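Structural characterization, general
Each chain, written out:
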Amino acid sequence: MPALPVRHVADLLPAADFTAQDIRCVACPVHINLEMEFVLVLAGEVVTCIRGAAHRLHAGEAAFILPFETHDFASQGDSRCIVLAFSQRLLPALQEFFDTRSPCSRTFCVPPALCDWIVHALPASGAAAAPLEAVGLIAPLCALMSRRCTFAPAPAHTNDLFLDALTLIDREFAADLTLARAAAALGVTDKKLSRVFHREAGVCFSDYLALRRLSEAGNLLRAGGRTAAEIAFAVGFRSVRTFNRAFRKHYGVTPTAFAAAPAAALPFNAPRGGNRA
């Protein structure tokens, strides 16, 4: 019997092929992306927390975040960093690399010459990078990561139940979805789904569901045309008060203030094409 094809996270849901952001004094609440990310610090100090583990990055250091990993960023004083987010489909060899490896370390040093080259090679603000340009920016960091970070053998493939749960959340997050209902839809017990989801994502099912709803709420508020109350119900909250409280706790501002503020004044987690937290 032929081997079953490996299910890749990159093939599960649509994600942006490539986005790049040059950010000063970054402040980004906990979120989850479909894309892989590199965070390269150019000046100052940035702390990123990945799956609950804090990593302090200084100028000339980078960290990587895999798809569906909870993470945040926070500047320690004045800082500047480049965030490159990309689908692993751009680099099939990278996708194959992580099929058999699990990261033990996350940070690595980047030579000054490469930092300077990346800054000058970034697409202009708002401009899309051609696929070859995107690969040219990503590939040197991937090579450094593979040599300077440590890895352990990974399971043969990501747990299928986890991938099915991610698909269900992305499709049904606006409905009255709960752990119990998700488990019933997937044909497993609550306990099993909770255990597998936390092991694979590093966050519990309900927290991930809340992050997904809040991310979509941020996207809709920035798009305009709907009230905060309408958006609250549209993304799955059952009470405007609960939505307002959760939104302010996550973003640091009320939904109304978030919608009215210019993008540059908001915390860094701006909606990017295909980005889903």
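Everything quoted here is computed from the prediction, not taken from an experiment. (Residues numbered from 1 in each chain as written. Predicted model: local features only at pLDDT ≥ 70, side-chain atom pairs only at ≥ 80, totals over all residues. Heavy atoms only, no water.)

With that settled, consider the overall build of the chain. Assigned secondary structure in the chain consists of 10 helices and 11 strands. Expressed as a percentage of its 277 residues, the buried residues of the chain come to 45%. Sequence-distant contacts in the chain: of pairs separated by 6 or more residues, those separated by 24 or more amount to 76%. By element, 57% of the accessible surface of the chain is carried by carbon and sulfur atoms, the whole surface being about 13,000 Å². (Helix = DSSP H or I, 4+ residues; strand = E, 2+ residues; numbered from the N terminus. Buried < 20%, exposed > 50% of the residue type's maximum accessible area, 1.4 Å probe, protein only. Contact = heavy atoms within 4.5 Å. Areas by Shrake-Rupley, 256 points an atom, 1.4 Å probe, with all protein chains shown as cover.)

Taken residue by residue, the chain gives an average pLDDT of 85. The fraction at 70 or more is 87%. In this model, residues 268-277 is a region of pLDDT below 50 whose contacts with residues beyond four sequence positions or in other chains number 47 contacts. (pLDDT = per-residue confidence, 0-100.)

In spatial order, the strands read β2-β7-β4-β5; together these four strands make up an open sheet with antiparallel pairing. Two strands lie at the open edges of the sheet, namely β2 (27-31) and β5 (53-58), each paired on one side alone. The sheet shows a mean angle of 20° between the axes of neighbouring strands, direction not considered. Where β2 lies against strand β7 (residues 71-75), three bridges are found, and the strand directions are antiparallel. Residue cysteine 28 lies in a different strand from β7, and its bridge partner there is phenylalanine 73. (Pairing = 2+ DSSP bridges. Axes fitted to C-alpha atoms, helices over the stretch in contact; angles between N-to-C directions.)

Most of strand β8 (residues 80-86) sits out of view: seven of its seven residues are buried. Residue alternation in β8 divides its side chains into two sets, Arg80, Ile82, Leu84 and Phe86 and Cys81, Val83 and Ala85, and both sets are buried. Two strands pair when backbone bridges link them, and strand β1 (residues 18-24) and β8 are joined in this way by seven bridges, in the antiparallel orientation. Counted as the bridge partner of isoleucine 23 is cysteine 81 from β8. As paired elements, strand β3 (residues 36-43) and β8 share seven bridges and run antiparallel to each other. Looking across to β8, one finds that methionine 36 is bridged to phenylalanine 86.

Summed over the entire model, instances satisfying the criterion amount to 15 aromatic pairs. Centroid distance phenylalanine 237 to phenylalanine 243: 5.3 Å. Interplanar angle 65°. Geometry classified as edge-to-face. Phenylalanine 237 sits in the buried class, given a relative accessible area of 10%. Relative to phenylalanine 247, the ring of phenylalanine 243 has its centre 5.6 Å away and its plane inclined at 55°; by these criteria the two rings are tilted. With a gap of four residues between them, phenylalanine 243 and phenylalanine 247 both fall in helix α9 (residues 240-251), about one helical turn apart. Aromatic rings pair up to connect Phe237, Phe243, Phe247, Tyr251 and Phe258 into one cluster. One residue, arginine 212, lies across the ring of phenylalanine 173, its end atom 4.2 Å from the ring centre. (Phe/Tyr/Trp six-rings, centres within 6.5 Å; stacked < 30°, edge-to-face > 60°. Lys NZ or Arg CZ within 6 Å of the ring centre and 35° of its normal.)

For phenylalanine 243, a relative accessible area of 0% corresponds to the buried category. When the C-alpha atoms of phenylalanine 243 and proline 255 are compared, they prove to be 8.8 Å apart, with 12 residues separating the residues in sequence. When near neighbours in sequence (up to four residues on either side) are disregarded, phenylalanine 243 contacts Ala217, Ala228, Ile231, Ala232, Phe237 and Pro255.

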